[in-house]
Amino acid sequence: MAKTDVTKKTEAEWKRDLTPQQFHVLREKGTERPFTGEYWDTNTPGAYLCAGCGAKLFESETKFDAHCGWPSFYAPAEDAPVEEHVDKSLFMVRTEVTCANCGGHLGHVFDDGPQPTGLRYCINSASIKLEPENGSGKLEPENQTS
């Protein structure tokens, strides 16, 4: 889906195209409960795409177990449309992470991750969709079998 398509979506169109949980996280800056999301403990090789627009955001090679209950990555994918913003909600200052293509809320980034970056991108499962690799190391759509 092209950037112009998703940036022009109305609230009703987002509600139509996303699950209620995806809408809450991506459009209302919600957070899923820890240890409940689809990808918090997934080790499947592949790419993690924005659930709102399909942009490639993270890769399984940078995913690690931060023991926090959400999928964690130490870096976005190369050239990923990931933006950072100051978030002063909930009586604290954090760094929010959003998709630059569709504006969807992904989660937050913290400075307590592993090397080589020292960062932990703490991402809601509802904001991403895994595109697994096939046996050849290439990505395949999730609904196809190898």
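Residues numbered from 1 in each chain as written. Predicted model: local features only at pLDDT ≥ 70, side-chain atom pairs only at ≥ 80, totals over all residues. Heavy atoms only, no water.

Visitor: Help me understand the layout of surface pockets, please; the structure alone is not making it clear to me.
Guide: Empty space among the atoms becomes apparent when a probe as large as a water molecule is rolled across them. The space that makes up the largest pocket amounts to roughly 170 Å³. Going through the elements one at a time, helix H3 (20-28) and strand S9 (128-132) are the ones with two or more residues in the lining of the largest pocket. Among the residues forming the lining of the largest pocket, the class breakdown is four nonpolar, four polar and three charged. (1 Å grid on protein atoms, 1.4 Å probe; cavity = no way out; pocket = protein on both sides within 12 Å on 5 of 7 lines; lining within 4 Å. Points joined across faces, edges and corners; volume = space filled by probe spheres on them. Helix = DSSP H or I, 4+ residues; strand = E, 2+ residues; numbered from the N terminus. Nonpolar A, V, L, I, M, F, W, Y, C, P; charged D, E, K, R; others polar.)

Visitor: What is the right way to read the pattern of salt bridges from this model?
Guide: Under the defined criterion, the tally for this structure stands at seven salt bridges. Close ionic contact of Asp17 with Lys9 constitutes a salt bridge, the shortest N to O distance being 2.7 Å. Judged by relative accessible area, Asp17 falls into the partly exposed class, the value being 34%. According to the relative accessible area criterion, Lys9 is buried, its value standing at 15%. Salt bridges sharing partners connect three or more residues here, namely Lys9, Arg16 and Asp17. (Salt bridge = Lys/Arg side-chain N within 4 Å of Asp/Glu carboxyl O. Buried < 20%, exposed > 50% of the residue type's maximum accessible area, 1.4 Å probe, protein only.)

Visitor: Can you walk me through the side chain of Thr42 in this structure?
Guide: Considering the arrangement of structural elements, one finds Thr42 in the loop between H3 and strand S1 (46-50). In this structure the side chain of Thr42 is engaged in a polar contact, spanning 3.2 Å, whose partner is the backbone oxygen of Glu38. Those residues in contact with Thr42, other than ones at most four positions away along the chain, are Tyr48, Lys63 and Leu130. (Polar contact = N/O pair within 3.5 Å; in protein donor to acceptor, adjacent residues only side chain to side chain. Contact = heavy atoms within 4.5 Å.)

Visitor: Would you mind going over the pairing of strand S7 (residues 105-110) with me for this structure?
Guide: Looking along a regular strand, one sees side chains alternate from face to face of the sheet. Where burial is concerned, most of S7 is hidden: five out of the six residues are buried. As defined by bridge partners, strand S6 (residues 94-99) adjoins S7 across four bridges and the pair is classed as antiparallel. The residue of S7 that forms the bridge with Thr98 is His105. Hairpin geometry of S6 and S7 is characterised by an intervening segment of five residues between the two adjacent antiparallel strands and by a positive phi of about 80° at Gly103. (Pairing = 2+ DSSP bridges.)

Visitor: Please explain the packing of aromatic side chains as it appears in this structure.
Guide: Geometry of an aromatic ring pair is reported as the spacing of the ring centres plus the angle between the planes. Enumeration according to the criterion identifies five aromatic pairs in this entry. Aromatic side chains Phe58 and Phe73 sit 4.5 Å apart centroid to centroid with 20° between the ring planes, which places their arrangement in the stacked category. With Phe58 in strand S2 (residues 56-59) and Phe73 in strand S4 (residues 72-73), this residue pair connects regions lying 15 residues apart in the sequence. Across the pair, exposure class does not vary: Phe58 and Phe73 are buried alike. An angle of 55° between the planes, with centres 5.7 Å apart, marks the rings of Phe58 and Tyr121 as tilted. One end of the pair, Phe58, is in strand S2; the other, Tyr121, is in strand S8 (residues 120-123), and 63 residues separate them in sequence. The two residues Phe58 and Tyr121 agree in class, both being buried. (Phe/Tyr/Trp six-rings, centres within 6.5 Å; stacked < 30°, edge-to-face > 60°.)

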